[in-house]
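A closer look at the structure
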Amino acid sequence: MSETFDLRIDSIGAGGDGVGRHNGIVVFVPRTTPGDVARVSALQEDRLMRGRLLEVLQPSPDRVEPPCVHYVHDGCGGCQVQHVSYEAQLREKAGIIRDALTRIGKLTVAAPAISPSEQQWRYRRKLTLALRRREGRWIAGLRRFDAPDEVFELSDCPITDERAVVHWRAVMATEHLLPADRELRGAVRILPSGFSFTLEGARTWPGSADFFALVPAMAELWWHPAGKSRRLLHSRASNDSAGASFTQVNPGMAAQLLEWVVSLATAARPVTAVDAYAGTGDFAASLAAAGTRVTAIERDRDASRVSAARLPEGSRAVAALVEDALPGTLPADVVILNPPRGGVDARVAEALRTQGQRPRALIYVSCNPATLARDIRRMERYRVRSVRGFDMFPQTAHVETVCELEPAA
């Protein structure tokens, strides 16, 4: 049974909800701001409570008016902290990193510095939407934060580059040629010339050629059918491509992060390095250009092919799972890990933990502080030398973290 009470919000949790305490129990409340005093309705789940905002009784000085109509009126779950001032967003993200490293990683660390994004709006060069069949036509939209099974139709997204929104409108102008299914998923990515579109779902798509022909700005059309691998269906691109799968969502922040990681790596004066989860090889290419022999490991064969083309003689790209390929590339002076949100496979941590000649620098780039903390704890023969955050995704609770580790004495 739900309970109604007044609650002071103290911080933002990893998922973007405001966090307070009621009778000693932690309470998570979406759309609240640190410093708010709010009336909430909450239900207890095990040793915590999940609440719903009823009324802001005393607004925090860090509470701002969200500019996005979907965030306000549709409960869009794409962003979580539009109602929080940008300065407070950065502060809270530093706290999220510190909390994960302290609570999960069992480390004693201060809140790290967070590099702010030059663009707080219109920074995203990729827009992924759910497609739903309604009343004989397709709609493209996002899920509600309080009803994730519901999808509302999107008219605009203020954190997304306007070109991506325009490209989505061009896609939807030909929605009658999408596969005959009930639910699909699509992603638009801005390319140097035009855009790529990736469709996920369905088992047949007889209208794909006509669909592609009717959208002249579409440089590439990719399809990931249900139960099968992604493949390129049609292309107008003249350059070697990885299907834009690894296009940076926030290019300005990606450049800052690249510079920082390469500076940490080169400070170790490496002769050899491993770039694991390499994508199209940004880290690897930069290190190789400085004279380091680099092995770039990436499971996606399209991306690995592009990475190989960027590397000079003496360096190489390996298309394989990191957990399979890493042991054969060690020892190395520097190892860079840039895994997906789930973190590294336990076999990767084990290979680095048991390696006799440990790398002088182990640089872990993470989009999930919780799995970063878990993986650091797995590698007890290393100690944290530095931690820095990068605000790759303003207006959301996500934060990119670079953790530099070195062999423990």
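**Considerations on the overall build of the protein chain**
- Secondary structure assignment for the protein chain yields 10 helices and 21 strands.
- The C-alpha atoms of the protein chain give 23 Å as radius of gyration, which agrees with the globular expectation for 409 residues (22 Å, within 12%).
- With the C-alpha coordinates aligned to their principal axes, the bounding extent of the protein chain is approximately 65 × 60 × 35 Å.
- A fraction of 59% describes how many contacts in the protein chain between residues 6 or more apart in sequence connect residues 24 or more apart.
- As presented, the protein chain carries roughly 19100 Å² of accessible surface, and 48% of it is formed by carbon and sulfur atoms.
- In the protein chain, the 52 positive side-chain charges and the 48 negative ones have mean positions that sit 4 Å from each other.

**Examining the packing of helix α5 (residues 251-267) against helix α6 (residues 282-289)**
- Two elements in contact, α5 and α6, have axes separated by 10 Å at closest approach and are oriented at 50°. With respect to each other, α5 and α6 are oriented oblique. Here α5 runs over α6; the crossing is right-handed. Of the residues in α6, those touching α5 at Leu257, Leu258, Val261, Val262, Ala265 and Thr266 are Asp282, Phe283, Ser286 and Leu287.
- The residue inventory of the contact of α5 with α6, partitioned by class, reads seven nonpolar, two polar and one charged.

**Regarding the pattern of salt bridges**
- Counted according to the given criterion, the structure contains 30 salt bridges.
- In this structure, Asp62 and Arg91 form a salt bridge, with 2.8 Å as the shortest nitrogen-oxygen distance. Linking Asp62 in the loop between β6 (48-58) and α1 (69-73) with Arg91 in helix α2 (residues 86-103), this pair joins segments that are 29 residues apart in sequence.
- When the shortest N-O distance is used, the salt bridge between Glu406 and Arg383 registers 3.0 Å. Of this pair, Glu406 sits in strand β21 (residues 400-407) while Arg383 sits in strand β20 (residues 382-390), placing them 23 residues apart in sequence.
- Beyond isolated ion pairs, a larger network of salt bridges with shared partners links Arg230, Asp300, Asp302 and Arg305.

**What to know about the sheet that holds strand β13 (residues 218-224)**
- Taken in spatial order, the seven strands make up an open sheet running β10-β9-β8-β11-β12-β13-β14, and their pairing is mixed. For this open sheet the edge positions go to β10 (147-153) and β14 (231-235), each flanked by a neighbour on one side alone. Strand-to-strand twist across the sheet, computed as the mean angle between neighbouring axes with direction ignored, equals 30°.
- Here strand β11 (residues 183-190) runs beside strand β12 (residues 195-200); their pairing, made up of six bridges, is antiparallel. What sits directly across from Val188, in β12, is Phe197.
- Helix α3 (residues 162-172) contacts β8 (126-134), β9 (137-144), β11, β12 and β13 of the sheet and is inclined by roughly 135° relative to β11.

**A closer look at the nonpolar core**
- With 62 residues, the main nonpolar core has Leu131, Trp168, Val171, Phe197, Phe211 and Met218 as its most contacted residues.
- Per element, the largest residue contribution to this core is six residues, and it comes from α5.
- The contacts of Phe211, once residues within four sequence positions are left out, are Val171, Thr174, Leu177, Leu178, Phe197, Trp205, Met218 and Leu221.
- In terms of nonpolar packing, the next biggest core, distinct from the first, is built from 34 residues, Ala325, Leu362, Ile376 and Met379 among them.

**Examining unusual backbone geometry**
- Going from Leu330 to Pro331, the amide bond is cis rather than trans, its omega being 5°.
- The topology assignment puts Pro331 in the loop between α8 (322-329) and β18 (334-337).
- Located in the positive-phi region is Ala202, a residue other than glycine, with phi close to 70°.
- By secondary structure assignment, the location of Ala202 is in the loop between β12 and α4 (208-213).
- Overall, Ala202 belongs to the buried group, its relative accessible area being 6%.

**Considerations on the layout of surface pockets**
- Empty space within the second largest pocket amounts to approximately 830 Å³.
- Lining the second largest pocket are 34 residues, with Ile12, Gly13, Ala14, Val19 and Asp99 positioned closest to its centre.
- Mapped by element, the contributors of at least two residues to the lining of the second largest pocket are β2 (11-12), β3 (18-22), β4 (25-29), α2 and α10 (369-378).
- Residues of the lining of the second largest pocket, tallied by class, amount to 13 nonpolar, nine polar and 12 charged.

**Quick word on the sheet that holds β4**
- Strand order in the open sheet made by the six strands is β1-β5-β6-β4-β3-β2, with mixed pairing throughout. Looking at strand neighbours, the two that pair on one side only are β1 (3-8) and β2, the edges of this open sheet.

**Some details on the packing of aromatic side chains**
- The tally for this structure, following the rule as stated, stands at four aromatic pairs.
- For the pair Trp205 and Trp223, a centre-to-centre distance of 5.9 Å together with 75° between the ring planes defines the contact as edge-to-face. Placement of the pair is Trp205 in the loop between β12 and α4 and Trp223 in strand β13, with a sequence separation of 18 residues.
- Its relative accessible area of 6% is what places Trp205 among the buried residues.
- Through a chain of ring-to-ring contacts, the aromatic side chains of Trp168, Phe197, Trp205, Phe211 and Trp223 assemble into a single cluster.
- The ring of Phe145 carries Arg31 above its face, with NZ or CZ at 4.2 Å from the centroid.

About the cut-offs
- Residues numbered from 1 in each chain as written.
- Predicted model: local features only at pLDDT ≥ 70, side-chain atom pairs only at ≥ 80, totals over all residues.
- Heavy atoms only, no water.
- Helix = DSSP H or I, 4+ residues; strand = E, 2+ residues; numbered from the N terminus.
- Rg over C-alpha atoms; globule rule 2.2 N^0.38 Å.
- Contact = heavy atoms within 4.5 Å.
- Areas by Shrake-Rupley, 256 points an atom, 1.4 Å probe, with all protein chains shown as cover.
- Lys, Arg positive; Asp, Glu negative; His and termini not counted.
- Charge placed at Lys NZ, Arg CZ, Asp CG, Glu CD.
- Axes fitted to C-alpha atoms, helices over the stretch in contact; angles between N-to-C directions.
- Parallel < 35°, antiparallel > 145°, perpendicular 65-115°, else oblique.
- Left-handed = near helix turned anticlockwise from the far one by under 90°.
- Nonpolar A, V, L, I, M, F, W, Y, C, P; charged D, E, K, R; others polar.
- Salt bridge = Lys/Arg side-chain N within 4 Å of Asp/Glu carboxyl O.
- Pairing = 2+ DSSP bridges.
- Core = buried A, V, L, I, M, F, W, Y, C linked by side-chain atoms within 4.5 Å.
- Buried < 20%, exposed > 50% of the residue type's maximum accessible area, 1.4 Å probe, protein only.
- 1 Å grid on protein atoms, 1.4 Å probe; cavity = no way out; pocket = protein on both sides within 12 Å on 5 of 7 lines; lining within 4 Å.
- Points joined across faces, edges and corners; volume = space filled by probe spheres on them.
- Phe/Tyr/Trp six-rings, centres within 6.5 Å; stacked < 30°, edge-to-face > 60°.
- Lys NZ or Arg CZ within 6 Å of the ring centre and 35° of its normal.

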